[in-house]
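Secondary and tertiary structure notes
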Amino acid sequence: METKRNVKYFIAPPISVLTIIGLVVTAVAVVLFFVLKENSKIYTILGIIAGLLFLIFTSGGKSNDTDIEYQARELTKGLQENSMKKFEVYDKNFLKQLKPIDLAGYDFEAKEEVKYFKKGADGTPRTNYFAAYNLIFTGEKMYVYGRRLSLTDESINEDIVASYKYTELSKAELEKKVFKSEKGEEFDYYVFRIFGAKNEKIIETCIDYGADSDKAVDDINRTIEVRCVELIKRDQEKAEKLRAFREKVLATPIEDIEEVSFN
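This is a predicted model, so every value here is computed, not measured.

On to the sheet that holds strand 1 (residues 101-106), then. What the 4 strands build is an open sheet, ordered 1-4-5-6; its pairing is antiparallel. Each edge of the open sheet is held by one strand with a lone partner, namely strand 1 and strand 6 (157-165). With strand direction ignored, the average angle separating the axes of adjacent strands in the sheet is 10°. Across 9 bridges, the pairing between strand 5 (residues 141-150) and strand 6 is antiparallel. Across the sheet, residue Arg147 finds its bridge partner in strand 6, namely Asp159. The sheet strands contacting helix 4 (residues 65-75) are strand 1, strand 4 (129-137) and strand 5, and the helix crosses strand 1 at an angle near 140°. Each of strand 4, strand 5 and strand 6 is contacted by helix 5 (residues 79-87), which is oriented at about 130° to strand 5, the strand it contacts most.

Turning next to the pattern of salt bridges. The tally for this structure, following the rule as stated, stands at 23 salt bridges. Two residues, Lys111 and Glu158, come together in a salt bridge whose shortest N-O distance is 3.2 Å. One end of the pair, Lys111, is in the loop between strand 1 and strand 2 (117-119); the other, Glu158, is in strand 6, with 47 residues separating them in the sequence. With relative accessibility at 64%, the residue Lys111 sits in the exposed group. A relative accessible area of 27% means that Glu158 is categorised as partly exposed. Of the charged contacts in the structure, one is a salt bridge between Arg222 and Asp219, with a shortest N-O distance of 3.0 Å. Within this pair, Arg222 and its partner Asp219 are both found in helix 6 (residues 213-251), separated by 3 residues, close to a single helical turn. Exposure remark for Arg222: the relative accessible area of 47% places this residue in the partly exposed category.

Taken in spatial order, the 3 strands line up as 7-8-9 in an open sheet, and their pairing is antiparallel. What marks the edges here is a single partner per strand, and that holds for strand 7 (169-180) and strand 9 (201-207). The sheet shows a mean angle of 20° between the axes of neighbouring strands, taken without regard to direction. As paired strands, strand 7 and strand 8 (residues 186-196) are joined by 11 bridges and run antiparallel to one another. Among the inter-strand pairings, Ala172 is bridged to a residue of strand 8, identified as Ile194.

This brings us to the packing of aromatic side chains. Applying the stated criterion across every chain, the model contains 11 aromatic pairs. Their ring planes at 70° and their centres at 5.3 Å tell us that Phe108 and Phe187 sit as a pair that is edge-to-face. Note that Phe108 is positioned in the loop between strand 1 and strand 2 and Phe187 in strand 8, a separation of 79 residues in sequence. Residue Phe187 is classed as buried on the basis of its relative accessible area of 12%. Ring centres 5.3 Å apart and planes at 35° place the aromatic pair Phe108 and Tyr189 in the tilted group. Here the residue Phe108 occupies a position in the loop between strand 1 and strand 2, and Tyr189 occupies one in strand 8, the gap between them amounting to 81 residues. Among the residues examined, Phe108 registers a relative accessible area of 10% and is labelled buried. One aromatic cluster in this structure is built from Phe108, Phe117, Phe179, Phe187 and Tyr189. Taking NZ or CZ as reference, Lys171 lies 5.3 Å from the ring centre of Phe195, over its face.

Rules used throughout
- Residues numbered from 1 in each chain as written.
- Predicted model: local features only at pLDDT ≥ 70, side-chain atom pairs only at ≥ 80, totals over all residues.
- Heavy atoms only, no water.
- Pairing = 2+ DSSP bridges.
- Helix = DSSP H or I, 4+ residues; strand = E, 2+ residues; numbered from the N terminus.
- Axes fitted to C-alpha atoms, helices over the stretch in contact; angles between N-to-C directions.
- Contact = heavy atoms within 4.5 Å.
- Salt bridge = Lys/Arg side-chain N within 4 Å of Asp/Glu carboxyl O.
- Buried < 20%, exposed > 50% of the residue type's maximum accessible area, 1.4 Å probe, protein only.
- Phe/Tyr/Trp six-rings, centres within 6.5 Å; stacked < 30°, edge-to-face > 60°.
- Lys NZ or Arg CZ within 6 Å of the ring centre and 35° of its normal.

This is the structure we're talking about:
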């Protein structure tokens, strides 16, 4: 990761003085190319080349929107594959009603101080922290595999690995919040959360809000509710069978004990 170039992405002005010089040299050379005589055009061509090289040289010292986006997505890809390997869960184990869900976004509520912020030329607001999660749902559990990193500090790069029975979960929610930069800029961002059975936060991450974000929350809540009912019912039936088996054993003479089975 090119952390130095990434830092410059956040702190450097959109257009530097050197970039302006390169643009002016290129523009003047282009104009002169059409104005000067044929035998003088070689100098204007050299001027155009020099201006373009100057632009390339001055712009190469910092990352751009595309560079930042690529690094963030590249460093957090493959989460589902890692999760499946880690937990030995496969496609056949996935709930048919709810496919794996991917969550990702720049972190505006980092546990560290949000040191760098910038709204890119593409309109996307970014901080120097990024997190991504993959959630896998089976008949028994929800599996979580995530990665959180800093684009300006390579020492901050952590994996989040966990699994929860549905009876250990209570609900998912999505909250819309407002971020205020030091320059007074304001914009909306979204925080996704999943709570445990004791209302503790087990997942809390900023996400890229999209048309499927609210649906993901609804689907997760519906899955938790349905699976909890089914698992509790199954456990009750199992406990009832065990109770009946114990009563049967206690009521059976010692000499006939080998014939008793737990069905």
